[in-house]
Every structure is written in structure tokens, then in C-alpha cells.
Amino acid sequence: NAGVTQTPKFQVLKTGQSMTLQCAQDMNHEYMSWYRQDPGMGLRLIHYSVGAGITDQGEVPNGYNVSRSTTEDFPLRLLSAAPSQTSVYFCASSRHGGGLSSYNSPLHFGNGTRLTVT
Amino acid sequence: KQEVTQIPAALSVPEGENLVLNCSFTDSAIYNLQWFRQDPGKGLTSLLLIQSSQREQTSGRLNASLDKSSGRSTLYIAASQPGDSATYLCAVMNTGFQKLVFGTGTRLLVSP
């Protein structure tokens, strides 16, 4: 049981390049999300999904796209990288996707992708 | 807008000491509060989740309390060990359910 797997671990991009951060979970979790972590700012939600085919914006969605074609995968696309997107990106999942009781399930995180945009 | 604050930002204690980490939040309309641990270069690991109707949760040497009306939670670590050294983050889930709002964490160092 691998949990939440993120690839790559590290990436360097030039301004204007595009790329996709991969996230996969093998726990059959309905809820998946992407956060970015910046020094002094905590974790901020970029996009989230409550099930296959459903996505929504978080606090800081600009410059990022997501899709959820399967329960297992939730890739994050950077359309045109900017230095302001230099950060550590975390994918997280949990069981909840519907029903009040399921919201009290803990969030499971991947080990992160450290992205530098020059 | 929900804001989560953790004080202190860093804490250094000798091994064996009992310690308390603090978390405060501005909007008491929360569904739950979660405590996480983050080791350097790693993701977050869930430690404890307290539902809004609960007052505390315990796991081993960890005890987390919640006072929703005053917007506060504490994480108590008993008999600290060097392996407890990490950054501890708290996060609240608002009654909109869809996202957690995180604090910036307390970096804990336990010296042998």
C-alpha cells in the first residue's frame, strides 16, 4: 500500500515552460487536493476534487489546471511557469467525498515536489 | 476569513520534558481540527483529528484538546524524545467542508 505518490521529487523550469506534477493514491479515496507550501505562509489550497470528474478551485488557483479522470490520479498542470510558482507542492487525499461523517477522515499527504522556476 | 495561528514558531526543549504547542483560530464555525507532523523534506503525517463535538483526542504520548468557543487547541507531548523533533502544524476544516486552513507550524527540537 503506497499511499499518496508524487512525481517528480524535484523539478527546475524556466519561465514560460509548462509541466505536469503527478499524484496517485491507492487508497480509493474520493477527495484529492493540491497544496503549495511557502516559507512563512503555511499550506495554501490550489485545487481540489471530491470525486472523478469533479474539480473546484481553492485559495490560489491562478496559473494551475487540474483534471480528475480516475479516482486514483489527480495531476496538476502549470500552464506557463512563473518565478512566483517556485514552491513545494503537496498532494493530499482523504476518504471523504460525500456524507457528513466522511469529512472526519484524516488527510494523507505525499512527500512533495520541490519546484524551482528560474 | 479563517486564520490559524501557532505560537511559538520554534521551541527547543531537553529530552524528557512535557510540552504544549498552541493553535488558535479566528472563526469558531469549524467541523474539525487536525494536528500534523512534518519532518524535513517530507510530507505531513496526520497525528490527531478532533471533531467539533469533541473536547480531546489521545494517541500514545500525544493529547490534543479543543476549545471551540475560545478558538484554541493545544497539543500536549509527554516525556518528549529526540525523535519528536519535527514541525507540528494544526489545521481547521470550516463548515464549508471542502478545505483545511493551516497554521504556519511550530518547529520543535528535542535535545538528548
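Located above this text is the structure these notes cover.
I will try to describe carefully the structure that is included in this document. All values derive from a computational prediction rather than experimental measurement. (Residues numbered from 1 in each chain as written. Chains lettered and ligands numbered in written order. Predicted model: local features only at pLDDT ≥ 70, side-chain atom pairs only at ≥ 80, totals over all residues. Heavy atoms only, no water.)

### Let's talk about the sheet that holds strand β3 (residues 19-25) of chain A
Residues and elements named next belong to chain A.
Phase 1: On the basis of which strands lie adjacent, the open sheet formed by four strands has the order β1-β3-β8-β7 and antiparallel pairing. Each edge of the open sheet is held by one strand with a lone partner, namely β1 (4-7) and β7 (64-66). Pairs of neighbouring strands in the sheet enclose a mean axial angle of 20 degrees, with direction left out of account.
Phase 2: Note: β1 against β3, four bridges, orientation antiparallel. Each bridged residue has a counterpart across the sheet, and for T7 the counterpart in β3 is Q22. (Pairing = 2+ DSSP bridges. Helix = DSSP H or I, 4+ residues; strand = E, 2+ residues; numbered from the N terminus. Axes fitted to C-alpha atoms, helices over the stretch in contact; angles between N-to-C directions.)

### Considerations on the interface of chain A and chain B
Phase 1: On the side of chain B, 21 residues touch chain A, which itself brings 23 residues to the contact.
Phase 2: Summed over both partners, the interface of chain A with chain B comes to about 1800 Å²; 57% of that surface belongs to carbon and sulfur atoms.
Phase 3: Between the two partners, chain A and chain B, sit zero salt bridges.
Phase 4: Summed over the shared surface of chain A and chain B, the result is three residue pairs in polar contact (both at pLDDT 80 or more).
Phase 5: Elements with a contribution of two residues or more to the side of chain A that touches chain B: β4 (31-38) and β5 (42-51) of chain A.
Phase 6: The leading source of residues in the side of chain A that touches chain B is β5 of chain A, at five residues.
Phase 7: When its residues are assigned to classes, the side of chain A that touches chain B shows 13 nonpolar, nine polar and one charged. (Contact = heavy atoms within 4.5 Å. Buried area = accessible area lost by both parts, 1.4 Å probe. Salt bridge = Lys/Arg side-chain N within 4 Å of Asp/Glu carboxyl O. Polar contact = N/O pair within 3.5 Å; in protein donor to acceptor, adjacent residues only side chain to side chain. Nonpolar A, V, L, I, M, F, W, Y, C, P; charged D, E, K, R; others polar.)

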